[in-house]
Amino acid sequence: MTPYILTGDLVPPDVGKDLETTRDFLALLPDPTEKLAPATARQHGDDTLYLWSCHGIVRALATVLSQPWEVMDGWFLRRGNQHAWLYLEVDNDHRSQFILDAYPVAAVGGPLLVDVRPYGSPWQDAYIERHMAFTRAVREKFDEEGHQALRLYKKGVG
């Protein structure tokens, strides 16, 4: 079955292409268990996992996608669950609004392309924009992680 969002002309072809590019981008990044994955190191028993962050990944993706996706930082579902995603408004009348959740952490599957038009979308309140007051060191970490992801992507598609 084809999800309704992909039927008709609800998703412009360029937006669908950006979803495919996002899938390709993520497929070229090393798994979190490999030391090539940067940024957030977390202890898991005796092992160290090197995890990608959604914040770094979306910053890199925004530079390679065909549409002018806006990087958004905020919360997912409730305050306290920090998250980052990409937002696109295809027209100025709020008739076509999309969120590209490139890295839905702790979920199998994804990336997700979500229709967030004001009428009829159950997703519109799931992503809560907040202008996060990241320290300079944290912003630099996200930027460096994004640069690293971008280098790996370009190396893989090059």
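Computed from a prediction, not measured in an experiment: that's the story for all the values here.

### Overview of the nonpolar core
- Grouped together as the largest cluster of nonpolar side chains are 23 residues, with contacts concentrated most on Val-15, Phe-25, Ile-57, Leu-61, Trp-69, Leu-86 and Leu-113.
- Looking at this core, the elements that each hand over two or more residues are helix H1 (13-27), helix H2 (54-61), strand E4 (82-89), strand E5 (97-101) and helix H3 (136-157).
- Ranked by residue count, the leading element in this core is H2, at five residues.
- Listed in part, the eight residues of the second largest apolar core include Met-72, Ile-99, Val-114 and Val-116.

### Points about the pattern of salt bridges
- All told, the structure shown has three salt bridges when counted by the stated rule.
- Of the charged contacts in the structure, one is a salt bridge between Arg-23 and Glu-20, with a shortest N-O distance of 2.6 Å. One end of the pair, Arg-23, and the other, Glu-20, are both in helix H1, three residues apart, so they sit about a helical turn from each other.
- Residue class for Arg-23 comes out partly exposed when judged on its relative accessible area of 38%.
- As a salt-bridge pair, Asp-73 and Arg-59 come within 2.6 Å of each other at their nearest N and O atoms. Of this pair, Asp-73 sits in strand E3 (residues 70-76) while Arg-59 is found in helix H2, placing the two residues 14 residues apart along the sequence.

### Examining the sheet that holds strand E7 (residues 127-129)
- Taken in spatial order, the five strands make up an open sheet running E6-E5-E4-E3-E7, and their pairing is antiparallel. Either end of the sheet is taken by a strand with one partner, and the two such strands are strand E6 (112-115) and E7. Averaged over all neighbouring strand pairs, the angle between strand axes comes to 45°, with direction disregarded.
- Here E4 runs beside E5; their pairing, made up of four bridges, is antiparallel. By the bridge assignment, Leu-88 is partnered in E5 with Phe-98.
- Sheet strands touched by H1: E4, E5 and E6. Its angle to E5, the strand with the most contacts, is close to 5°.
- Contacts from H2 reach E3 and E4, with the element oriented near 25° to E4.

### Comments concerning the pairing of E5
- Of all five residues in E5, five are buried; the element is thus mostly enclosed.
- On E5, burial covers both faces: Gln-97, Ile-99 and Asp-101 on one face and Phe-98 and Leu-100 on the other are all buried.
- Alignment of E5 against E6, held across four bridges, turns out to be antiparallel. Its bridge partner being in E6, Ile-99 is matched across the sheet by Val-114.

### Overview of the pairing of E3
- In this sheet, E4 lies alongside E3 in antiparallel orientation, the contact comprising six bridges. Bridge pairing in E4 places Trp-75 opposite Gln-82.
- Where E3 meets E7, three bridges bridge the pair, whose relative direction is antiparallel. Its bridge partner being in E7, Trp-75 is matched across the sheet by Ile-128.

### As for H1
- With 15 residues, H1 extends 21 Å from end C-alpha to end C-alpha; this agrees with the ideal 21 Å at 1.5 Å per step.
- All buried positions along H1 are accounted for by Val-15, Asp-18, Leu-19, Thr-21, Thr-22 and Phe-25. On an axial view of H1, the arc spanned by its buried residues comes to 165°, and they lie on one face. Residues Pro-13, Lys-17 and Ala-27 are exposed on H1 and point more than 90 degrees away from its buried face.
- Where H1 is buried, its residues touch H2, E4, E5, E6 and H3.

Criteria and thresholds
Residues numbered from 1 in each chain as written. Predicted model: local features only at pLDDT ≥ 70, side-chain atom pairs only at ≥ 80, totals over all residues. Heavy atoms only, no water. Core = buried A, V, L, I, M, F, W, Y, C linked by side-chain atoms within 4.5 Å. Buried < 20%, exposed > 50% of the residue type's maximum accessible area, 1.4 Å probe, protein only. Helix = DSSP H or I, 4+ residues; strand = E, 2+ residues; numbered from the N terminus. Salt bridge = Lys/Arg side-chain N within 4 Å of Asp/Glu carboxyl O. Pairing = 2+ DSSP bridges. Axes fitted to C-alpha atoms, helices over the stretch in contact; angles between N-to-C directions. Contact = heavy atoms within 4.5 Å. Expected span 1.5 Å × (residues − 1). Arc of directions from axis to C-beta.

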